[in-house]
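# Topology and contacts: notes
Residues per chain are reported as follows:
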Amino acid sequence: MQKKLDKLKENSILGVEDKANLSISPGISGTIITKDKKVYVYSLYYHMTPFMEKNNIPLEDITLIKKLTDEEYDKLISFIKEEIVNKEYVCRPLRDSSSSVFGSSENKLFYYPNCYDINTNENLYDKTKKIIEEVK
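If you're wondering where the values come from, they're calculated on a predicted model, not measured in any experiment.

## Some points on unusual backbone geometry
Positive phi values are uncommon outside glycine, yet Lys37 reaches one of about 70°. A positive phi angle, close to 65°, is found at Asn107, a residue other than glycine. Relative to the assigned elements, Asn107 resides in the loop between strand E6 (97–105) and strand E7 (108–113). With relative accessibility at 76%, the residue Asn107 sits in the exposed group.

This is the structure we're talking about:
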């Protein structure tokens, strides 16, 4: 599964990812939007917990959930240009969990772990997750 996930990330325009190391279900989960206008959700947990077993949650999963319309895709491209590429962020390290925003714009990769807008102190992950939820 990791190879498939890496390939999706390479083809992404935008993605968000949560990492939890010391939680009840340690692992990663996120959403990826690819250049071909597809939205994927994924999760990769490190070990099976009783809760996961009881609720039939798999250790690894990648699911295509939607194909974006041109309008939805353009909205995300505008967001990337206005809110990610042309702003400055400060990243704050966290120990047991993290959230990141990643993707590419005009063939340039970006990766922002635990970042905040230096002017407004807005969390980039939260802002990005919100716009992704709007088009999902």
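After presenting the structure, the write-up continues.
## Thoughts on the pattern of salt bridges
By the definition in use, this model includes 11 salt bridges. Between Glu134 and Lys75 there is a salt bridge; the shortest N-O distance is 2.8 Å. One end of the pair, Glu134, is in helix H4 (residues 124–135); the other, Lys75, is in helix H3 (residues 70–85), and 59 residues separate them in sequence. Judged by its relative accessible area of 46%, Glu134 falls in the partly exposed class. Taking the shortest distance from any N to any O, the salt bridge between Lys87 and Glu83 comes out at 2.9 Å. On the basis of relative accessibility, which here comes to 26%, the residue Lys87 falls in the partly exposed class. A network of salt bridges, in which partner residues are shared, links Glu83, Lys87, Asp117, Glu122 and Lys127.

## A look at the packing of aromatic side chains
Applying the stated criterion across every chain yields a total of 2 aromatic pairs. With a centroid separation of 5.4 Å and an interplanar angle of 55°, the aromatic rings of Tyr89 and Tyr112 are classed as tilted. Taken together, the positions of Tyr89 in strand E5 (residues 89–91) and Tyr112 in strand E7 put the pair 23 residues apart, joining distant regions of the chain. On the basis of relative accessibility, which here comes to 13%, the residue Tyr89 falls in the buried class. Put simply, the rings of Tyr89, Phe110 and Tyr112 pair up and form one aromatic cluster. Sitting over the ring of Phe102, Lys9 keeps its end group 5.4 Å from the ring centre.

About the thresholds
Within every chain, residues take consecutive numbers counted from 1 along the sequence as written. At least 70 in pLDDT is required for a residue's local features to be given in this predicted model, at least 80 for side-chain atom pairs to be given and counted, and no such filter applies to totals for whole chains, interfaces and linings, which use all residues. To obtain the side-chain values, all non-hydrogen atoms of the structure were used and water was disregarded. Numbering of helices and strands runs from the N terminus; a helix is a DSSP stretch of H or I covering at least four residues, while a strand is a stretch of E covering at least two. Each residue is assigned to one of three classes by its accessible area relative to the maximum for its type, calculated with a 1.4 Å probe on protein chains only: buried under 20%, partly exposed between the two thresholds, exposed over 50%. A pair is scored as a salt bridge if a Lys or Arg side-chain nitrogen falls within 4 Å of a carboxyl oxygen belonging to Asp or Glu. Any Phe, Tyr or Trp ring, taking Trp's six-membered ring, that has another such ring centre within 6.5 Å forms a pair; planes under 30 degrees apart are called stacked, those over 60 apart edge-to-face, and the others tilted. Whether a charge lies above a ring is judged from NZ of Lys or CZ of Arg, which has to be within 6 Å of the ring centre and within 35 degrees of the ring normal.

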